[in-house]
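Structural characterization, general
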Amino acid sequence: MVFPLDKYDAELRQLLIEQDVDRTSLRAEGIPELKNTFVSAGLDGVFREGLEATEWSTTASDGHEIALTTLVPKSGTPRAAIFHIHSGGMMAGDRFMGFDQITEWAEEYGLVSCSVEYRLAPEHPYPYPQDDCYAGLVAFAESVDRQWPGIPLVVTGMSAGGGLAAGVALRARDENRPRIAAQLLMCPMLDESNDTPSSHQYSGCGIWDRESNDVGWDALLGEARHTDRVSAYASPALASDLSGLPRTFLDCGSEEVFRSEIIAFADRLSSSDVPVELHVWSGAFHGFDLSFPKATISRQAMTARSQWLARTIEELIA
């Protein structure tokens with residue numbers, strides 16, 4: 001199938017054509033190449049003059065050492081804390097991928113921010129990625145509480161990171177620690193079934209389509225996939241009860257595989273009396289803002305997230 005480019009936002013469409021973006025589906029044999037190419041510029045790519053960086057680690061339940069990076073405002077007391085989980089389909093990326101947007105918020109709004117280096121599938125399937133993220137979150141929250149007791153904690157992530165963030169929020173609710181005040185989920189990967197209207201709509205068209213999504217979920221869950229052994233912490237769409245979760249921001253593109261599951265999750269959260277803000281960006285594909293951050297629709301999406309975060313922090317500390 002050749003997906004019709006005219007469904008995309010005009011500016012995004014032109015950028016795809018000009019940059020000759022590969023629109024083939026990911027296959028399992030392509031995982032090593034994805035790991036090699038989906039990498040960040042490291043700390044230098046996210047560092048800001050108004051922030052001070054600290055590299056540290058905590059220990060997972062199996063003894064694995066988890067690397068974390070924290071950035072703290074050089075002046076003043078942080079107004080809130082934000083914990084970031086990176087994207088990469090559960091299989092690729094590092095803790096600095098996408099962290100630049102978070103450090104921009106950290107500098108602008110006076111936040112202490114942290115990003116976690118979780119283990120990747122398929123070499124480390126569930127529960128390792130989720131356990132690493134949760135252990136990192138607990139350690140960060142404890143560190144923040146020691147230094148700046150009482151400031152609100154936000155969790156955030158994009159794509160796979162958004163799914164992991166939603167999973168740690170569920171786990172934090174169930175285990176009564178740490179207290180999460182808000183979650184900011186950017187095009188999150190929530191539903192291992194991959195059997196929604198949008199997942200079928202965006203099949204065989206590349207740019208993280210249904211086939212690519214299957215590769216990611218298979219890598220994470222292996223033989224447990226599509227069985228009752230899959231935890232809601234791995235696939236948050238499976239959670240039977242969404243009550244008691246923190247206020248939530250969600251977004252997605254109208255032309256992406258995750259659209260249906262994100263809209264459904266937002267509706268279920270709202271039905272459970274969780275305050276929700278949802279944006280569906282017309283003509284946008286998965287990861288549009290990561291691929292083309294200067295496009296008009298990407299800047300609009302990033303502004304919407306920033307405005308929600310600023311408004312949420314003001315309300316939380318009032």
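Above this text you will find the structure in question.
Remember, predicted model here, so these are calculated numbers, not experimental data. (Residues numbered from 1 in each chain as written. Predicted model: local features only at pLDDT ≥ 70, side-chain atom pairs only at ≥ 80, totals over all residues. Heavy atoms only, no water.)

Here's the deal with helix H1 (residues 10–18)
- By the burial criterion, the buried members of H1 are Leu12, Leu15 and Leu16. What you see down the axis of H1 is that its buried residues fit within an arc of 100 degrees, all on one side.
- The inward-facing, buried residues of H1 contact helix H9 (288–291) and helix H10 (296–317).
- Where H1 begins, the side chain of Asp9 points an oxygen toward the backbone nitrogen of Glu11, at a separation of 3.1 Å.
- Following H1 by one or two positions, Asp20 adopts a phi angle in the positive range, close to 50 degrees. (Buried < 20%, exposed > 50% of the residue type's maximum accessible area, 1.4 Å probe, protein only. Helix = DSSP H or I, 4+ residues; strand = E, 2+ residues; numbered from the N terminus. Arc of directions from axis to C-beta. Contact = heavy atoms within 4.5 Å. Polar contact = N/O pair within 3.5 Å; in protein donor to acceptor, adjacent residues only side chain to side chain.)

Focus on unusual backbone geometry
- Along the chain, Tyr126 connects to Pro127 via a cis peptide bond; the corresponding omega equals 15 degrees.
- Counting through the fold element by element, Pro127 comes out in the loop between strand E4 (111–116) and helix H4 (128–147).
- Put simply, Arg177 and Pro178 share a cis peptide bond, and its omega is -15 degrees.
- A positive phi angle is found at Cys187, which is not glycine, with a value near 35 degrees.
- As for its placement among the helices and strands, Cys187 is situated in the loop between strand E6 (182–186) and helix H6 (197–201).

A few points about the packing of helix H3 (residues 99–109) against H10
- At a minimum axis distance of 11 Å, the contact between H3 and H10 shows a crossing angle of 45 degrees. Considering the angle they form, H3 stands oblique to H10. Seen along the crossing, H3 lies across H10 with a hand that is right-handed. Here Gln101, Trp105 and Tyr109 of H3 lie close against H10, whose contacting residues are Met302, Arg305, Ser306, Leu309, Ala310 and Ile313. (Axes fitted to C-alpha atoms, helices over the stretch in contact; angles between N-to-C directions. Parallel < 35°, antiparallel > 145°, perpendicular 65-115°, else oblique. Left-handed = near helix turned anticlockwise from the far one by under 90°.)

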